[in-house]
Every structure is written in C-alpha cells, then in structure tokens.
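# What the coordinates show
Okay, here's what each chain looks like letter by letter:
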Amino acid sequence: MTVSKQGAPQEAVSGAPAWLLLIFSLPARRATERVDVWRKLRRFGALQLPSSGYVLPNTPQNHEHFEWLAAAIRKYEGQASVVEVHAIDDRPHQQLVQEFIQARSADYEELLKALRTKRSLSRHKRQPSRVRKRFQEVSAIDFFNSPLRSRVEALLARADSEVGDTRQVAGRLKKQYLNRTWVTRPRPGIDRVSSAWLIRRFIDPNAKFVFSDDPKRHPDEIPFDMFQTGGFGHRGEDCTFETLRKEFAIRDPKVVTLAEIIHDADLGDEKFGQGEGLGLDRVLIGWAQQGISDEELLRRGMDLIEGLYHAIR
C-alpha cells in the first residue's frame, strides 16, 4: 500500500489519500471490549480487510470515528493506528468501492424484504420511527450510493402516502408545467428515468431536469419521486410514473401498458405480471455502479424507455 503521513481530518480531494485504515490489537482477555469495537466498526460502515485492518473512505467524519475508536482501544490496553492511504495493493480502488456498495445493498435488501410484506408495512404505519431509523442508519454509511437505496425510499414513500394526504387534482393543465425545470433525487432508477421520459414526451418537450436530495434548495423547480412530501411521487399503490400518467390524463394505450411494466419493476409486487422492465432495471443499476453521471444515467435510461415504448404493441 502507498501510505501518506497522517494528518488532521480533511475533505477527500484530488491527490489526497482516498482511504483510512484502522489497524489494532487487543489483549485476549478483553473479549467484551473486542465485541464493543466490532459493533462500532459495523455502525461506522467499515470494511474488514484480510490483514485484520478496517477501511473507510477518507472523510473528516470517518477520520474522527477512527481516531475516537483508536483512543478507546488504547484505553482498553490495546494498540491502534489510524493511517491514510492512497491505495491498497490487493484491493484496487474500484473493487473497494464495489465492496462498500455490496455491503450497503445487503442492508437495503433486508429492509426491502421487510417492507414488501403486508405485516411489515402495517407495522411501519404504527411505528414509522422504527423503520425509518434503520433506513437512516444505513443511508448514513452508504458512501457510494447503492442503487437499492431508491427502492427503500420508494416503499417508505408509498407507506407514507397511504396514511397521509393523497389528494389528487385530476387533469392538471399542461400549460402550468411548460418550460419548467423538474428536480429529483440523484442516481435515478427505473421509476425516475421513465417519469422523466413521460414528462418530456407527453407533458413538456422542453423540460429540464436537475438532481438534489433536498427539494427545498430548488423552490422554483417541480419535484418528482422525491422522498419528501410534495410534487409528484408514489401515491397509494401507484409509482411515480403512474401518478404522472393519471394526473395529466395520458391515455395512450402504450403508456398504460408501460405504466404496468414500470410499476412491477419498481415495486416488485408483480401486480400486473409484467416482467419486461426487470431487465431494464438491472441495466440501470449496473450503469449506476459504474459511476457515470446522473445526467448521463438519465439520458441513457430515457433512450431505453423510448425503445420499450416503440416495442409495445
């Protein structure tokens, strides 16, 4: 590995060490403390290396976590070092990134499995803080934006919409949404990609799109498929694409079929028995893992949806 001189926490910038390593040892009699350290490492989202070291992306917060934990280990009569590294010879940069993504994807899979059962969905309504707390814990250590995060957000939004305000204003006049900019979350998945396609093809051919986790930073833009309330998103059992189709009274038979395909691919409930979108969804996830920009991901995805639209008979 290439090692840099340890310094104060700093933002990871071009040329700066990309990773942090925590290397430590504890006396054998400190079994309880060892479990405590392991639990904290897990909560921090650290990956274990075969060399018994633990790695995190080099950010100020992660640096603070490791320094704090190293101090605790020394207090437990152990030894600990926090090291900034540019590279790890048996773990190429992209491989480490993928391992972090896979670890978080496994966490999101557990949440998806729970939320997709009626029992868990009902429990979410009674105890939303319990479900949301776990999601917040996972998303806080999702350093490289697992593509499955949007799936969990969608199901949480769906549960929220079932107990919240589900008012709809049918047949919105399209002129109110001409020459506007729409905002959605980064790393668009199949529902957001297809919704953007629907907006540009049937609502406003001049529509522009921006990406943000906080729609409040874009008060003049129209939010869609955002985790926060407002704008156009999941409503009842409908995904965002279905919401837009109904709101703008788009009755094109191909779009109706496409809505069923997008619904099954996005929510995975097999409501319509349409499996065509699953392959497109996997392609989008693969592209997202390659690190291409949100804009390029949206452009490619919209091209895929356009092709699917023409293929529908």
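The structure this text deals with has already been given above.
Presented here is a report on the structure given in the accompanying data block.

Tallying secondary structure elements over the chain gives 11 helices and 8 strands in all. In the chain, which comprises 313 residues, the share counted as buried stands at 49%. Sequence-distant contacts, at least 24 apart, represent 73% of the contacts inside the chain between residues at least 6 apart. As presented, the chain carries roughly 16,300 Å² of accessible surface, and 49% of it is formed by carbon and sulfur atoms.

A general trend in soluble globular proteins is that nonpolar side chains are found buried together. Membership of the largest hydrophobic core comes to 39 residues, with the highest contact counts inside it found for Trp182, Trp197 and Phe241. Taken together, the elements giving at least two residues each to this core come down to helix 7 (190–203), strand 7 (208–211), helix 8 (240–247), helix 9 (253–267), helix 10 (276–289) and helix 11 (294–311). At 8 residues, the largest contribution of residues to this core is made by helix 7. Leaving out residues up to four positions away in the same chain, Phe241 has contacts with Asp191, Ser194, Ser195, Trp197, Leu198, Val255, Leu258, Ala259 and Ile262. Counting 28 residues, the second largest nonpolar core, distinct from the first, contains Leu26, Ala46, Leu47 and Val82.

Moving on, we get to empty space enclosed by the protein. Tallied over the full model, the rule gives 1 cavity of 30 Å³ or more. Considered as a void within the structure, the largest cavity measures approximately 150 Å³ in volume. Taken together, 18 residues form the lining of the largest cavity, with Pro147, Ser150, Gly189, Ile190 and Arg192 sitting closest to its centre. For the lining of the largest cavity, the secondary-structure elements that each account for two or more residues are helix 6 (149–163), helix 7 and helix 10. Among the elements that line the lining of the largest cavity, the one with the most residues is helix 10, at 4 residues. Residues that form the lining of the largest cavity fall into these classes: 7 nonpolar, 3 polar and 8 charged.

So, on to the packing of aromatic side chains. Two numbers describe a pair of aromatic rings. These are the distance of the centres and the angle of the planes. Inspection of every chain in the model, using the stated rule, returns 16 aromatic pairs. Here the aromatic rings of Trp182 and Phe232 are separated by 5.8 Å at their centres, their planes lie at 35°, and the arrangement is tilted. Of this pair, Trp182 sits in strand 6 (residues 181–184) while Phe232 is found in the loop between strand 8 (222–223) and helix 8, placing the two residues 50 residues apart along the sequence. Both residues of the pair, Trp182 and Phe232, count as buried. Summarising the aromatic geometry, the rings of Trp197 and Phe202 are spaced 5.8 Å apart at their centres and angled 70° between planes, so their arrangement reads as edge-to-face. Classification of Trp197 as buried rests on a relative accessible area of 3%.

Let us look at the pattern of salt bridges. Taken as a whole and judged by the stated rule, the model has 22 salt bridges. Measuring nitrogen to oxygen at the nearest pair gives 3.5 Å for the salt bridge that ties Arg192 to Asp225. Taken together, the residues Arg192 in helix 7 and Asp225 in the loop between strand 8 and helix 8 connect sequence positions 33 residues apart. In terms of burial, Arg192 and Asp225 fall into one category: buried. Several salt bridges share partner residues, and in doing so they unite Arg149, Glu153, Arg185, Arg192 and Asp225 into one network.

With that settled, consider the side chain of Asp107. Of note, Asp107 is situated in helix 3 (residues 93–115). You can call Asp107 buried: its relative accessible area is 12%. There is a polar contact of 3.0 Å between the side chain of Asp107 and the side chain of Arg104. If we ignore the near neighbours within four places in the chain, the residues touching Asp107 are Arg134 and Val138.

Let's shift gears to the packing of helix 8 against helix 9. In the contact formed by helix 8 and helix 9, the axes pass within 8 Å of each other and the chain directions differ by 155°. The orientation of helix 8 with respect to helix 9, classified from their angle, is roughly antiparallel. Two packed elements cross with a definite hand, and for helix 8 against helix 9 that hand is left-handed. Packed against helix 8, whose contacting residues are Phe241, Glu242 and Arg245, the element helix 9 presents Val255, Val256, Leu258, Ala259, Ile262 and His263 at the interface. Grouping the constituent residues of the contact of helix 8 with helix 9 by class yields 6 nonpolar, 1 polar and 2 charged.

How each quantity is defined
- Sequence order sets the numbering: in each chain, residues are counted from 1 along the sequence as written.
- Reporting of local features is limited, given that this is a predicted model, to residues whose pLDDT is at least 70; pairs of side-chain atoms are given and counted only at 80 or more, and all residues count toward the totals for whole chains, interfaces and linings.
- Values reported for side chains reflect all heavy atoms of the structure, with hydrogen atoms and water molecules removed beforehand.
- Note on conventions: DSSP H or I runs of at least 4 residues are helices, E runs of at least 2 residues are strands, and numbering of each starts at the N terminus.
- Only protein chains enter the accessibility calculation, which uses a 1.4 Å probe; a residue whose area is less than 20% of its type maximum is buried, one above 50% is exposed, and one in between is partly exposed.
- When checking whether two residues touch, look at their non-hydrogen atoms; a contact exists if any pair is within 4.5 Å.
- Areas reported as accessible are Shrake-Rupley estimates using a 1.4 Å probe. Residue values count occlusion only from the protein chains shown.
- Within this scheme, the nonpolar core is defined by two criteria: the residues are buried Ala, Val, Leu, Ile, Met, Phe, Trp, Tyr or Cys, and they are joined through side-chain atoms within 4.5 Å.
- Points on a 1 Å grid over protein atoms alone make up a cavity when a 1.4 Å probe fits among them but cannot get out, and a pocket when they form an open set with protein on both sides within 12 Å along at least five of seven lines; lining residues each have an atom within 4 Å of a point.
- Grid points are joined across faces, edges and corners, and a volume is the space filled by probe spheres set on the points.
- When residue character is reported, Ala, Val, Leu, Ile, Met, Phe, Trp, Tyr, Cys and Pro are called nonpolar, Asp, Glu, Lys and Arg charged, and the others, Gly included, polar.
- Within 6.5 Å between ring centres, the rings of Phe, Tyr and Trp (the latter by its six-membered ring) count as paired, and their orientation is classed by plane angle as stacked under 30 degrees, edge-to-face over 60, tilted in between.
- We define a salt bridge as a side-chain nitrogen of Lys or Arg found within 4 Å of a carboxyl oxygen belonging to Asp or Glu.
- Contacts described as polar in this section are N or O atom pairs within 3.5 Å, which, within protein, must combine one atom able to donate a hydrogen with one able to accept it, while residues neighboring in sequence count only if both atoms come from side chains.
- In this description, a line fitted to the C-alpha atoms serves as the axis of each element, helices being fitted only across the stretch in contact, and the angle between N-to-C directions of two axes falls anywhere from 0 to 180 degrees.
- In this scheme, roughly parallel covers angles under 35 degrees and roughly antiparallel covers those over 145, while 65 to 115 is roughly perpendicular and the rest are oblique.
- Rotating anticlockwise by less than a right angle from the far helix to the near helix defines a left-handed crossing, while the corresponding clockwise rotation defines a right-handed one.

Bear in mind that shape data such as this cannot, by itself, settle questions of function.
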